[in-house]
Amino acid sequence: MKAGRILIAALGLLLAVGVAAWAQESILLRYQFNPEETRAYDLNVTGGGRVVLSLPQLGDMNLPLAMTINGSFEMHTQGVDTEGNGEVSVSLGEMALEVAVMDRVMHLTLDLEKGKALVDGREVALPGAEAGEGSALSKLIFVLSPRGQLLDVQGVEEFAAALRRLNPAGPLSPVNPANLVNLKQMLQGYSPELPEGPVKPGDTWVQTMQVPLPGRAEPAEMSTEFLLQKIGEIGGHRIARIGLLSAWTIKDLPLPAAAPDRPSPGRLDSLAIAAEGQIYHDADAGFLHSARLAVTMDMDLTGTPPAGPLPLPAGDQAGAAPNPPGAGGQAPAGTENPPAPKISLKDLRLFYNIYPKGGVSAAAED
């Protein structure tokens, strides 16, 4: 009996050593693109924060904000070249959005492919729907390397043209060629890159991107640090749990005008974004299994003051005396320098969950 217990203990020790060795072995993480392959995902976003408004003649308003988004999307591989680079398009399914501001709740169901929306149960046709415009996003084709590097974005001109038709007064009308180049650069940060060589749990790598900013010659730099936290298993496949951490801050940035003959709508005083979470990569099949992210954002924006003096409130006389110096309070109507409107997002925190359609996130397996 004693010999049996010793044998069982020895077998257990050997098993533990074997598992530990397997967990620590290096692994090469790559995407494997297969022509005409489609992968479908569900998306859930929850969270909220505060909207702070400071408007002339109305004072300051502090508005609690909460939101929930439930939707889906598909990633379709249209082609693969001889080097294994994939041409991938993204299509959005129906999105259900619930936004609560104070005691007002709005329900929005959006189907960009069909060009329709339901706002609190009332159907609304989206601009461009009558022309069969569909989702502008579907015009883009992303060329991705096996490491996940965004090598090119095809269809940018068609994408911009679709935006122009959906919103003729938008910042891409008329299309500025520099905007198209900037769009490609900005999209690069939305494709997490895998490490160049094999890694084992505890190894880290950094992805750095240059973000073009309107009105500035030099782009801003944003870095994301990745950490291979664990190699687990789901359905017989090795799943790499990759942690990520990113932070980005910009200040004093003029907002682009909607058209060359229009003034800037204001200035972005500050924007701070931080993201942390995990990406679950199927190391055997070579694709994104699921992801969970927490994104925090704080923003302060000052609008362009209205042109000319503010109108006098009803009942006031034009000759009424202004507030005496030092009296404080709001600037009187009719002053030469009306105050600028301001809007801020405070403590906005959103939690993203992406998982195989009809399934669950790999986080549930941890």
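Computed from a prediction, not measured in an experiment: that's the story for all the values here.

A. View of the overall build of the protein. The helix and strand tally for the protein stands at three helices and 15 strands. Out of the 366 residues in the protein, the part that is buried amounts to 34%. The contacts in the protein between residues at least 6 apart in sequence include a share of 61% that link residues at least 24 apart. Accessible surface computed for the protein: about 20600 Å², of which carbon and sulfur atoms make up 59%.

B. View of the pairing of strand β5 (residues 104-111). Sheet topology note: the strand β4 (residues 95-101)/β5 ladder contains seven bridges and is antiparallel. Bridged to L97 within β5 is L108. The hairpin formed by β4 and β5 contains two residues between the paired strands, and M102 there has a positive phi angle of roughly 55 degrees. Bridging between β5 and strand β6 (residues 116-119) involves four bridges; their strand directions are antiparallel. Within the sheet, the bridge partner assigned to L108 lies in β6 and is V119.

C. Inspection of the pairing of strand β1 (residues 38-55) at higher detail. Summarising the sheet, β1 and strand β2 (residues 59-80) pair through 18 bridges and their orientation is antiparallel. The residue bridging L53 from the neighbouring strand is M61, located in β2. Adjacent in sequence and paired antiparallel, β1 and β2 are bridged by three residues, among which Q57 carries a positive phi angle near 70 degrees.

D. Here's a closer look at the nonpolar core. The biggest cluster of nonpolar side chains holds 55 residues, and the ones touching the most others in it are L29, L228, I242 and I250. The dominant element in this core, judged by the number of residues it contributes, is strand β12 (residues 237-254), at six residues.

E. Structural context of the environment of D284. Checked against the element boundaries, D284 lands in the loop between β13 (266-282) and β14 (287-303). On the basis of relative accessible area, D284 is assigned to the partly exposed category, the value being 31%. Remark: the alpha-carbon pair of D284 and Q32, spanning 252 residues in sequence, is separated by 9.0 Å. Within the structure, the side chain of D284 is placed 2.7 Å from the backbone nitrogen of R238, a separation counted as a polar contact.

F. Structural context of the packing of aromatic side chains. Going through the model one piece at a time under the given rule, you end up with three aromatic pairs. Aromatic side chains Y41 and F73 sit 5.4 Å apart centroid to centroid with 20 degrees between the ring planes, which places their arrangement in the stacked category. One end of the pair, Y41, is in strand β1; the other, F73, is in strand β2, with 32 residues separating them in the sequence. By the burial criterion, Y41 is buried, and F73 matches it. The aromatic ring of F287 is capped on one face by R39, whose charged end is 3.4 Å from the ring centroid.

Criteria and cut-off values
Residues numbered from 1 in each chain as written. Predicted model: local features only at pLDDT ≥ 70, side-chain atom pairs only at ≥ 80, totals over all residues. Heavy atoms only, no water. Helix = DSSP H or I, 4+ residues; strand = E, 2+ residues; numbered from the N terminus. Buried < 20%, exposed > 50% of the residue type's maximum accessible area, 1.4 Å probe, protein only. Contact = heavy atoms within 4.5 Å. Areas by Shrake-Rupley, 256 points an atom, 1.4 Å probe, with all protein chains shown as cover. Pairing = 2+ DSSP bridges. Core = buried A, V, L, I, M, F, W, Y, C linked by side-chain atoms within 4.5 Å. Polar contact = N/O pair within 3.5 Å; in protein donor to acceptor, adjacent residues only side chain to side chain. Phe/Tyr/Trp six-rings, centres within 6.5 Å; stacked < 30°, edge-to-face > 60°. Lys NZ or Arg CZ within 6 Å of the ring centre and 35° of its normal.

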